[in-house]
Amino acid sequence: MSKTTFIGAAVGLSKFIGPARLQAHRSCQAPNVEIRFCVPGQEKNFDANKVAALAMGFHDNCIFPTIGAMLEAKGNEIDFGVVNTPNHDHLPKCQAFAEADIPTICDKPLADNLSHAQTIYHAFDQKDLVNAITPTYCFMGANIEARHRVALAGKGSKVRGGVYLYPQHWLDQPVESIGPDAGGDQADWRKNPMLSGEAGALGDIWTHLAFLLWSHTGLKVKTILAERRWVVTGRRHDETDDEAFARVILENGARITVQAAQYAGANDNNLSWQLWLEDGERLSWSVEESEILWHCPAKSRILQKVTPSGYESPIISATNSMPGMHDGDGWAKAEQRILQSFLAQAFGVPAGLKPFHLTFKDGLNIQAMVHAAIASATHDEFGMKPTPVAWTD
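Conventions used here
Residues numbered from 1 in each chain as written. Predicted model: local features only at pLDDT ≥ 70, side-chain atom pairs only at ≥ 80, totals over all residues. Heavy atoms only, no water. Buried < 20%, exposed > 50% of the residue type's maximum accessible area, 1.4 Å probe, protein only. Helix = DSSP H or I, 4+ residues; strand = E, 2+ residues; numbered from the N terminus. Pairing = 2+ DSSP bridges. Right-handed = clockwise from strand over helix to strand, strands pointing away. Phe/Tyr/Trp six-rings, centres within 6.5 Å; stacked < 30°, edge-to-face > 60°. Lys NZ or Arg CZ within 6 Å of the ring centre and 35° of its normal. Axes fitted to C-alpha atoms, helices over the stretch in contact; angles between N-to-C directions. Contact = heavy atoms within 4.5 Å.

**Concerning the pairing of strand β1 (residues 5-11)**
Part 1: Within β1, six of the seven residues are buried, leaving the element largely enclosed by the surrounding structure.
Part 2: Of the strand pairs in this sheet, β1 and strand β2 (residues 32-39) are connected by seven bridges, and their pairing is parallel. When the sheet's bridge partners are listed, F6 is paired in β2 with V33.
Part 3: In terms of handedness, the path from β1 via helix α1 (residues 17-26) over to β2 forms a crossover that is right-handed.
Part 4: In terms of strand pairing, β1 meets strand β3 (residues 80-83) through four bridges, oriented parallel. Looking across to β3, one finds that A10 is bridged to V82.

Quick look at the structure:
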């Protein structure tokens, strides 16, 4: 009899991403998923973290202080792992799952720097272990449809330019001024290069844009010209950047502007993009209207509104009936799509679903973009030095 329920183990449940992803995964019904085991947070805070994990529905004997303890006790019962920890902790957690031969999903970005991303990628590649990374916006219905109409339609070579923009306001004050209710705890590690990695806005929300650009076009990035800014408190060695701006040159010569800022007033979560193709064709999207894709067909100059009923991607039709949670075609459904694609590759269930998720190799290439952007931006006071990207084919 084929397996009908897949057992997962989650590492990191103390911030927004962990609990939210847990809820999305648990509500997935095709196939049935049980996130049975967890390492809820740092070992030093285990007593408090265990109370929180019990409240999330984990049984007492399924909660562990370290990933080593969990794998030693329950490793043979775990079908897949999920890493939701801060960026600096992705490497040891992913390595532990790889050493135990457990297919793994990891939060984006893949790591806190390029060297660690390379180590994670090779650990899974050498064992041919299935893996997935979670740039969630890429798997909302409208962005899947954009990928279908450009990259998967063979139109990547027709891309000429575009703008990818992600302004937020949640770090518009010094970290010490942000209270817990406004995300102060998360702000503290986002601004700390020892925890978040070598870049702030560049290494975090800017990577959402980079993943979207790669997913939409399927075009490798050859060169980056970048600038980083420390706006709120001035440039400090103990804080990551507030803003990242880049001109990204694709393999077909197209130039794309990619900009992210964390101090932009009255922007709660305002990601948007436009992609410009030859003969005046345009596609565009905003998270504020997350289920709507705008399309201007070539030579028409007429902008058309594409709603879910007009989506043509077979990925959407194959996954729409699967999730057990419905927030429209939003964050939770996107997380479930990633999980379903990952399980289809790892275990062949759901049967007939062709995997479509992004992998650690994609995460490695986005990390290479960040690395090149840092080099470009540190060239002099203004940055913008043309810097090649070490892309892995």
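There is more to say after this.
**Some details on unusual backbone geometry**
Part 1: Of note, the amide linkage connecting K108 to P109 takes the cis form, showing an omega dihedral of -10 degrees.
Part 2: Relative to the helices and strands, P109 resides in the loop between β4 (104-106) and α5 (114-125).
Part 3: In this structure, the amide linkage connecting V349 to the following residue, P350, adopts the cis form with an omega of 5 degrees.
Part 4: Its identity is not glycine, yet D101 carries a phi of approximately 60 degrees, on the positive side.
Part 5: Position of D101 among the secondary structure elements: in the loop between α4 (90-99) and β4.

**Describing the packing of aromatic side chains**
Part 1: The final tally for this structure, using the stated rule, is eight aromatic pairs.
Part 2: Relative to W285, the ring of Y137 lies with its centre 6.4 Å away and its plane at 65 degrees, an arrangement referred to as edge-to-face. Residue Y137 is located in the loop between β5 (131-133) and α6 (141-149), and its partner W285 is located in strand β11 (residues 282-286); the two are separated by 148 residues in the primary sequence. For the pair Y137 and W285, a shared accessibility class is recorded, and that class is buried.
Part 3: Between the aromatic rings of W214 and W391, the centroid separation amounts to 5.1 Å while the plane-to-plane angle is 65 degrees, which identifies the pairing as edge-to-face. Here W214 is found in helix α9 (residues 205-217), whereas its partner W391 is found in the segment after β14 (387-388), with 177 residues between them in sequence. We note that W214, like W391, is buried.
Part 4: Three or more aromatic residues joined by ring pairs form one cluster here, namely Y137, Y166 and W285.
Part 5: Stacked on the ring of F58, the Lys or Arg R26 has its end atom at 4.6 Å from the ring centre.

**Description of the sheet that holds β4**
Part 1: Across the sheet, which stays open at both edges, the five strands sit in the order β2-β1-β3-β4-β5 with parallel pairing between neighbours. Unpaired on one side and paired on the other, β2 and β5 mark the two borders of the sheet. Averaged over all neighbouring strand pairs, the angle between strand axes comes to 20 degrees, with direction disregarded.
Part 2: Strand contacts of helix α11 (residues 331-347): β1, β2, β3, β4 and β5, with the helix running at about 165 degrees to β5, the strand carrying the most contacts.

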